[in-house]
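Now for the letters of each chain:
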Amino acid sequence: MEHLTASMVELGKARYRNAKKLRTQNQLSSETPAYIRLADQMHEGVANVIQKFFDDCSQVHAPCPVWLPLVWELEADEVALLAIKRSFDLLDGNDMTFAYVSFELAKSIEDEVRVRYFKEYVDKNTWKLLQRDRKNVRSRQQFQSKFWDKEKNLHSKGRYERFTLWTKTNKAKIGAWLLEILRMQTNLFTLKSTLTRKGSTIKKIAPNPQLQEWVRQFDENSESLRPFWLATTEEPLRWESNYGGGYMSDDLPVLPIMKNAFDLRNRDLSNLYEPLNRLQEVPYKINKKVHDIMLWAWEGDVSIGTMEKRDLLPVLEPVENLKQTDPEAFIAWKREAKYVHDWNLETSGRRMRSLRIMYVAKMYAKLEKFYFPVQVDYRGRVYSVPSFVSPQSCDLGRSCLEFYRGVPIKCEEDAKWLKIHGANVWGRKGTFEDRIAWVEQNTKEIVRIAEDPRTYKLWQDASEPWAFLAFCFEYAGYKEKGYGFVTHLPCRMDASCNGVQILSLLLKDEKIGKLTNLVPDLPPQDVYQHIADRVNENLHKAKSKNSLAGDWLKWGIDRRYTKRIVMTKPFGMNGYTSTFELESVFLKEVKNGRSNPFGKSEYLEALLYLSTIVNKQTNIVLENHINFMKWIKSQVLTCPDTLKWETPFGIEIQQHIYETVQIGLFSVLGMEKTTLNYLKNTDKVDPKRQAKAVVANYIHSIDASVVHFLACKQDYDITTIHDCFATQSPHAPKMHKDLREIYHDIFNQDLTGKFKSELLKQSGNTEVTDSFELGTLDVSALNDCTYMFS
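Our subject in this report is the structure included herewith.

Cut-offs and rules
Residues numbered from 1 in each chain as written. Predicted model: local features only at pLDDT ≥ 70, side-chain atom pairs only at ≥ 80, totals over all residues. Heavy atoms only, no water. Salt bridge = Lys/Arg side-chain N within 4 Å of Asp/Glu carboxyl O. 1 Å grid on protein atoms, 1.4 Å probe; cavity = no way out; pocket = protein on both sides within 12 Å on 5 of 7 lines; lining within 4 Å. Points joined across faces, edges and corners; volume = space filled by probe spheres on them. Helix = DSSP H or I, 4+ residues; strand = E, 2+ residues; numbered from the N terminus. Nonpolar A, V, L, I, M, F, W, Y, C, P; charged D, E, K, R; others polar. Pairing = 2+ DSSP bridges. Axes fitted to C-alpha atoms, helices over the stretch in contact; angles between N-to-C directions. Contact = heavy atoms within 4.5 Å. Phe/Tyr/Trp six-rings, centres within 6.5 Å; stacked < 30°, edge-to-face > 60°. Buried < 20%, exposed > 50% of the residue type's maximum accessible area, 1.4 Å probe, protein only. Lys NZ or Arg CZ within 6 Å of the ring centre and 35° of its normal.

For the rest of this paragraph, the subject is the pattern of salt bridges. Overall, the coordinates contain 38 salt bridges when judged by the stated rule. Note that Lys309 is salt-bridged to Asp301, the shortest N-O span being 3.5 Å. Salt bridges sharing common partners tie together Asp558, Arg560, Glu589 and Arg594.

This is the structure we're talking about:
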């Protein structure tokens, strides 16, 4: 345990230092934790001084600098944030000339004004395309280049005459004014004069030694408090109070049982101790066969599922005079060079995740067994503290894990869920019988994969290839040894569109309950495909009036295009964000070889068109759910204090999203929207943000209760990812039964009435008309709903 503790501390320090080094090298020191803290502390004072200057110069007959109207386009808060941020980027440990820093500060103000002006006058689609590029690209420089190209195009149309006033002289004066405010208000840097070789004097800005020492101390303290959390080789320290569970080393920071929550010392969370202790006492080990193939794929620079290729594509070297000697070859070279550049940028994040998974898995492979400490968030949802390789990781990170304790398969019933799991992770749908039959029909292929996955690569086509590979090894072992084979594989079962499912149970909505497998004696239903069918019907009706409808019909819309939108509708999915969800599915098909039917000019329009239809059909199908969500939000809007409710498991949830002042800048300096939050009133909640979050948080508090009840009920190993559960195949029938019983017990209570009462009591409303209806869904029959979890 001492070895892993030392690794956690040292790896955490290395991660902190590397992140800081990367940002500092790219002149982004303002994004490091130390400077974020300083900016938060300095901002209000600097903004107040700027605001006073604005007010003084606004008085009748008051003298006003000629450059001030340029800055007046922004609020004082925004000017202060930009000045602080840019000064930190430039002054971290380096002496720079007063003139250069002044110009750069003013340039950051000008950039912000130009971006806002651009957004005001550019067409909506161009702006949305830029927003998409901002999300997709991995390079600030790439996004800046795209933005300024479009901005120059608008400038060429004569809209930017006003920016000729941003002369070098005016910029120098704006920057000097801001620098003097920062110097006087913060005392973080000093001015000094330096003689040049020619005998002239240059003013330079130098950070104060006290600033550098403060940053050094802050970093030293912070890096020790941010370990790289790993699994433990011994059973985690039991939760017996609200602090101190999981890890038992004095070298590690004390964990709270509930992360990202306010003071827990006076809250009774004792109900959580038993389920969390049971979950974190389940031992795991590395699946050596899967890990060996992971190493083979990684060393071989192969991309499989969530594993990205280890190496970057080699950059194409320029060919001298190619443009002049062979223009067509030059065009082909440019196309290939762009592909390499874009691919390397696009895959960088996935590559780093794969690298970390491989590193951690290699470390765990040396251990006989290990455990994952857990804690909850403020909704009660359970999370493994370690990341990258854990039961809650991506397909690559969780599929190399198996239970340490094995269970023998003694009969066909014991093997049932092993087969169902295999079909699930391949991507096979249908009844349990269909899935079992599919596995049995493909036994030869499955065994061949297990015998030589390096040569027989069919497993790589699975929906979850690494989980399917783990299944192939396990199923081949079972087929070889027969009954008595000891299985360690976690076999999963998922809820059917859990958010919609829970809302259907709360509303007793039989129509949607049927689509989410809450009605017994029916084959498995698919709400995603149901809405996809409605979308296709709508496209068919519109094809004679809109060519985009015909193009999408030819392309084919299935459940993949509706799944993310439908499943996240209870959690706030809207038309804007759903466009990006559709695009990710669409581009995946294009990358797999399908030809994009949409031209460059109509591409975004086509996505927006489809997004509108999918959202409209989803809203029609889920109308009663949406009315219920609107009613809940309307009540929360009138709640003046922290919102509280009790979960079915008996945990008090406290939702307190405080009112903040948020400064949002479009500045291309940071590629992403730059924000600074600080509390305006620590005792005042923000009703709008409270209302926006409440439905998702209430649903999550219910699915968390299911986890808590199951953990307390277990006499077998389980692992969970919120509404997804796994155990060894022989225990799966019991877990399947236990989950349905838990749902039956939870929803046979009047949860809707209880939650309404809690909301009305806290909102102060007495006479309220409901905008939703309770249906006739028979909750008492949930024990017989076979495909509620499947």
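The discussion continues.
What follows deals with empty space enclosed by the protein. Empty space among the atoms becomes apparent when a probe as large as a water molecule is rolled across them. Scanning all chains against the criterion turns up seven cavities of 30 Å³ or more. What the largest cavity holds in volume is close to 200 Å³. Listed by contribution, the elements that provide at least two residues to the lining of the largest cavity are helix H15 (395–399), helix H19 (465–481), strand E15 (719–721) and strand E16 (724–727). Counted by class, the lining of the largest cavity contains 11 nonpolar, four polar and two charged residues. Put simply, the second largest cavity is a space of about 120 Å³.

Right, let's get into the sheet that holds E15. Pairing is antiparallel across the open sheet formed by three strands, whose spatial order is E10-E16-E15. For this open sheet the edge positions go to strand E10 (491–494) and E15, each flanked by a neighbour on one side alone. Sheet twist, expressed as the average angle between the axes of neighbouring strands with direction ignored, equals 20 degrees. Pairing geometry for E10 and E16, over four bridges, is antiparallel. Across the sheet, Met493 pairs through a bridge with Phe725, a residue of E16. Along the sheet, helix H29 (residues 732–747) contacts E10 and E16; its crossing angle with E16, the most-contacted strand, is approximately 150 degrees.

Attention now moves to the packing of aromatic side chains. Here the structure, examined in full by the defined rule, presents 38 aromatic pairs. For the pair Trp214 and Phe218, a centre-to-centre distance of 5.3 Å together with 25 degrees between the ring planes defines the contact as stacked. Residue Trp214 and its partner Phe218 are located together in helix H9 (residues 209–224), separated by four residues, close to a single helical turn. Overall, the relative accessible area of 31% leaves Trp214 in the partly exposed class. The exposure class assigned to Phe218 is buried, which follows from its relative accessible area of 12%. Residues Trp459 and Trp466 carry aromatic rings whose centres are separated by 5.2 Å and whose planes lie at 65 degrees to one another, so their mutual orientation is edge-to-face. For Trp459, a relative accessible area of 0% gives the class buried. Accessibility expressed as a relative area gives 0% for Trp466, which makes it buried. Of the aromatic side chains, those joined through ring pairs into one cluster are Trp426, Trp438, Phe468, Phe471, Tyr475, Tyr478 and Tyr483. Seen from the ring of Tyr243, Arg265 lies directly overhead, with NZ or CZ sitting 4.5 Å from the centre.

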